[in-house]
2 protein chains.
Amino acid sequence: MQKFVNDPSQVVDEMLEGFVKNHKDLVAKTDNPRVLKYVKAPIENKVGIVTGGGSGHKPAFIGYIGKNMVDAVAVGEIFSSPTAQAFYDAFKEADSGKGVACLFGNYAGDKMNVKMAIEMAKEDGIDVKTVIANDDVPSAPKDEREKRRGVAGEILMWKVGGAKAATGASLDEVISTCQKAIDNTRSIGVGLSPCTIPEVGKPNFTIEEGKMEVGIGHHGEPGVKVSEIKPAKEVAKEMVNYVLPDLPFEKGNEVAVLVSGLGATPVLELYILYNEIEKLLKKESIKIYKSYVGNYFTSLDMAGATLTVMKLDEELKELLDEEANCMGLKQFKG
Amino acid sequence: MQKFVNDPSQVVDEMLEGFVKNHKDLVAKTDNPRVLKYVKAPIENKVGIVTGGGSGHKPAFIGYIGKNMVDAVAVGEIFSSPTAQAFYDAFKEADSGKGVACLFGNYAGDKMNVKMAIEMAKEDGIDVKTVIANDDVPSAPKDEREKRRGVAGEILMWKVGGAKAATGASLDEVISTCQKAIDNTRSIGVGLSPCTIPEVGKPNFTIEEGKMEVGIGHHGEPGVKVSEIKPAKEVAKEMVNYVLPDLPFEKGNEVAVLVSGLGATPVLELYILYNEIEKLLKKESIKIYKSYVGNYFTSLDMAGATLTVMKLDEELKELLDEEANCMGLKQFKG
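Residues take numbers from 1 onward in each chain, read along the sequence in its written order. Chains carry letters from A onward and ligands carry numbers from 1 onward, assigned in written order. Given that the model is predicted, a residue must reach a pLDDT of at least 70 before its local features are reported, and side-chain atom pairs must reach 80 or more before they are shown or counted; all residues, however, enter totals for whole chains, interfaces and linings. Think of the side-chain values as coming from all heavy atoms in the structure, minus any hydrogens and water.

Provide a residue-level description of the domain arrangement of chain A, including the pertinent values.
Residue and element names in this part refer to chain A. Marked domain ranges trace back to an automatic or database domain assignment. Per the domain assignment, the segments of chain A are domain 1 (10–133) and domain 2 (185–326). The distance between the C-alpha centroids of domain 1 and domain 2 comes to 25 Å. Here a residue-residue contact requires only that any non-hydrogen atoms of the pair lie within 4.5 Å. With 18 residues of domain 1 at the interface, the matching set in domain 2 holds 17 residues. Values labelled buried area give the accessible surface lost by two parts on being combined, using a 1.4 Å probe and summing over both. Both faces considered, domain 1 and domain 2 share a buried interface measuring about 1,500 Å² in area, 63% of it formed by carbon and sulfur atoms. Three residues stand out in domain 1 for area buried against domain 2, namely His57, Lys67 and Phe79, and they jointly supply 35% of the buried area on that side. Any Lys or Arg side-chain nitrogen found within 4 Å of a carboxyl oxygen on Asp or Glu counts as a salt bridge. For the pair domain 1 and domain 2, the interface holds one salt bridge.

Here it is, written out as structure tokens:
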């Protein structure tokens, strides 16, 4: 196992320790070792933004803690849901009395634990509402969108939600904007190699040399098909062809595009892929208002990439343009 | 080859196209397809900052083009020096009449081409001075420092040089501060896997499963030894033990620490490594004033990491604290 680890069972604790040390200007520990918070949270007169999920997706989830972004994160083990207690404690760290928007991905464990945490928070008088991201197109048919996984679209949802909360908007307003954001967002992933969970020590699935898995999930969930690796322009076309018709995105739409590596793919390749995606959208007369290319939501050391497209209106454009300061997304205003 | 490419001979062109499209707020093309510049360069009454090097090290080199950072970059093929013409054209794009600081790494090809480019620029009346980074400790003995390679320490040199130039300092002042910066900087790399140049299609060196190569270069240059992979704390100790005695860094020093992944290593592991490095420096009573952990200077899809430590004085601290806005390093002031 070609990895920098000590005790494989301690990777999450040790990673969190290093993370907080390196980002002490942005992130603080809390009494719960599986909850990190923004150093300034809770922020007076602002809806708290909370998310959570398994570890191994860096920058997600803790990398999005910061200014105009997420106030507190519940941290799970590698590829595992955080506990209900962690979500509950994150709600408490984020709430300034104006309520908490819990913006997370559509996975059974997370849903169950968030539900329990909301019950616990209710007894403390903390008002928590949720938006469940389900942007991953290949994970279920269009008429069963409620079964789709949440993937890198979550980042754009946090960006929008964090900026909306910072305007002093009410909990209902933040929730409604985030719901709109994710309803307007579609994603797809393509895997080129498996990944290795440190405690397991070897990949728990395989992608043959020369093959790619279209529609792969962030934990190696099987995709919709395995095919020969094609040139980047063909891969881009395949991704775009899944994503565009699903919303559908149409001629004249303005969109945000996020191309994320899955961990082991060089950023150089992501730019090649983005170049092809941009050409394809241009051909469809879809205008890219804002784009993000890099490692935004990974799967340990999986090789591959995801494409996320969000249809924008004036509100979403303004919120995306706001300043953000967190490890995973530093952005000056505009 | 598990890669997103089209024609392997076109990866640099296509990557540059995607890069400029995605970062059009920061980076612009020039008449030379192998030179990119900051959208605002040349900046009136500011020394121009130029660097250059082979492709495949993203964010280096073009990812450091931006505000208070690098004004123009000469782009080489994968792992190859840019041409003299590219360096010369980069000088012209960066010069506002106040001269150009060319801050680059100690590689034979780059040195030769920079030298020729300086001759060409002289005929145009452009004053170019250089600082050659040689921060890689294992690449030559201490008394032959002029033979050492430049590695991730270049990033801190560009950060310092870019901020210094932005103060309106003269060329000699910028050069002198950058020389101090790199003289105060030491690095080491540890490789856990080889990397694949797209045009070659397979790794051109090997690292056996379960082994690590200590002192590896950014192009797979052999290190000083191959050993069993050790726990992260032992790897950290080995890295620190090469770096600290070399300057030497001493009790009471304040330092900047940069831990960069080499491309395929998950960021999670970099935080584990940083956590151990921080403990070791603390034990030596060396204070980390600023730290950077992430993929700052990579080698395509090599697994591994580098450690860079820079000894700080008041000037270097102030310059590191300045705002920076480029793809590879976005930093709010302070």
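Once the structure has been displayed, the description carries forward.
Go over the sheet that holds strand β15 (residues 330–331) of chain B with me, naming the residues and quoting the values.
Residues and elements named next belong to chain B. Taken in spatial order, the three strands line up as β4-β14-β15 in an open sheet, and their pairing is antiparallel. Each of the sheet's edge strands pairs with one partner strand only, and the pair in question is β4 (66–67) and β15. For two strands to be treated as a pair, DSSP must find at least two bridges joining them. Helix and strand definitions here come from DSSP, where helices need a minimum of 4 consecutive H or I residues and strands a minimum of 2 consecutive E residues; each element is numbered from the N-terminal end. Sheet analysis places strand β14 (residues 324–326) next to β15, joined by two bridges and oriented antiparallel. Among the inter-strand pairings, Ala324 is bridged to a residue of β15, identified as Gln331.

Describe the UniProt feature "domain: DhaK" (unreviewed entry) in chain A, naming the residues involved and giving the relevant values.
UniProt positions are given in the numbering used here, feature names are shortened, and annotations may be inferred rather than shown by experiment. UniProt feature "domain: DhaK" (unreviewed entry): in the numbering of this structure it lies at residues 7–329 of chain A. The span residues 7–329 of chain A is 32% helical and 24% strand by assignment, and the distance between its end C-alpha atoms comes to 30 Å.

Requested: an account of helix α1 (residues 11–22) of chain A, with residues and values cited.
Residue and element names in this part refer to chain A. Compared with an ideal rise of 1.5 Å per residue, which puts twelve residues at 16 Å, α1 spans 16 Å between its outermost C-alpha atoms and is within 8% of the ideal. With ten of its twelve residues buried, α1 lies for the most part within the structure. Partly exposed describes any residue whose relative accessible area lies between the buried limit of under 20% and the exposed limit of over 50%, with all areas from a 1.4 Å probe on protein chains only and scaled to the type maximum. When we look at burial in α1, the residues that qualify are Val11, Val12, Glu14, Met15, Leu16, Gly18, Phe19, Val20, Lys21 and Asn22. Any helix carries an expected span of 1.5 Å times its number of residues minus one.

Could you give me a rundown of the layout of surface pockets, with the residues and numbers involved?
The pocket and cavity definitions rest on a 1 Å grid over protein atoms only: a 1.4 Å probe that fits but cannot leave marks a cavity, an open set with protein on both sides within 12 Å along at least five of seven lines marks a pocket, and residues lining either have an atom within 4 Å of a point. Grid points are joined across faces, edges and corners, and a volume is the space filled by probe spheres set on the points. Within this model, the second largest pocket holds a volume of roughly 930 Å³. Lining the second largest pocket are 35 residues; nearest its centre among them are Ser193, Ala264 and Asp301 of chain A together with Ser193 and Asp301 of chain B. Charged means Asp, Glu, Lys or Arg here, nonpolar means Ala, Val, Leu, Ile, Met, Phe, Trp, Tyr, Cys or Pro, and polar covers whatever is left, Gly included. Looking at the lining of the second largest pocket residue by residue, the classes come out as 16 nonpolar, ten polar and nine charged.

Let's hear about the pattern of salt bridges: which residues, and what values?
Residue and element names in this part refer to chain A. This model, assessed by the stated rule, comprises 57 salt bridges over all chains. Linking Glu315 and Lys164 is a salt bridge whose minimum nitrogen-to-oxygen distance equals 2.7 Å. Highlighted residues: Glu315 in helix α8 (residues 314–321) and Lys164 in helix α4 (residues 153–166), separated in sequence by 151 residues. The partly exposed category is assigned to Glu315, whose relative accessible area is 24%. On the basis of relative accessible area, Lys164 is assigned to the buried category, the value being 16%. When the shortest N-O distance is used, the salt bridge between Asp246 and Arg186 registers 2.7 Å. Of the two residues, Asp246 sits in the loop between α6 (232–243) and β11 (254–261) while Arg186 sits in strand β8 (residues 185–191), which places them 60 residues apart along the sequence. A single burial state applies to Asp246 and to Arg186, both of which are buried. What you see here is one network of salt bridges that share partners, running through Lys164, Lys180, Asp313 and Glu315.

Describe the nonpolar core, listing the residues and the values that go with them.
Throughout, nonpolar core names a set of buried Ala, Val, Leu, Ile, Met, Phe, Trp, Tyr and Cys residues whose side chains join them through atoms within 4.5 Å. Of all hydrophobic cores here, the largest spans 204 residues; its most connected members are Tyr64, Trp158 and Leu307 of chain A together with Tyr64, Trp158 and Leu307 of chain B. In contact with Leu307 of chain B, not counting residues within four places along its chain, are Arg186, Ser187, Ile188, Met239, Val240, Val243, Val257, Leu258, Val259 and Ile277 of chain B.

Mind laying out the relation of the copies chain A and chain B, listing which residues take part and the relevant values?
When the copies are superposed, the least-squares fit takes in the C-alpha atoms of residues with a pLDDT of at least 70 in both. Take chain A, turn it by 180°, move it 0.0 Å along the axis, and it overlays chain B with an RMSD of 0.0 Å. In the structure described here, the two chain copies are related by an operation that fits a two-fold rotation axis. Of the C-alpha atoms belonging to chain A, the one lying closest to the rotation axis is found on Ala264 of chain A, 1.9 Å away. Both copies contact each other with a shared surface, as 100% of the interface residues of chain A are interface residues in chain B too.

Any chance you could break down the interface of chain A and chain B for me, citing the residues and the numbers?
Contacts between chain A and chain B engage 61 residues on the former and 61 residues on the latter. Carbon and sulfur atoms make up 60% of the surface buried where chain A meets chain B, a total of about 5,100 Å² over both sides. On the chain A side of the contact with chain B, Gln2, Phe4 and Phe332 of chain A bury the most area, a combined 20% of that side's loss. Applying the counting criterion to the chain A and chain B interface returns four salt bridges. If you tally residues by element for the side of chain A that touches chain B, the top one is helix α7 (residues 267–283) of chain A, at eleven residues. Here the residues of the side of chain A that touches chain B sort into 29 nonpolar, 15 polar and 17 charged.

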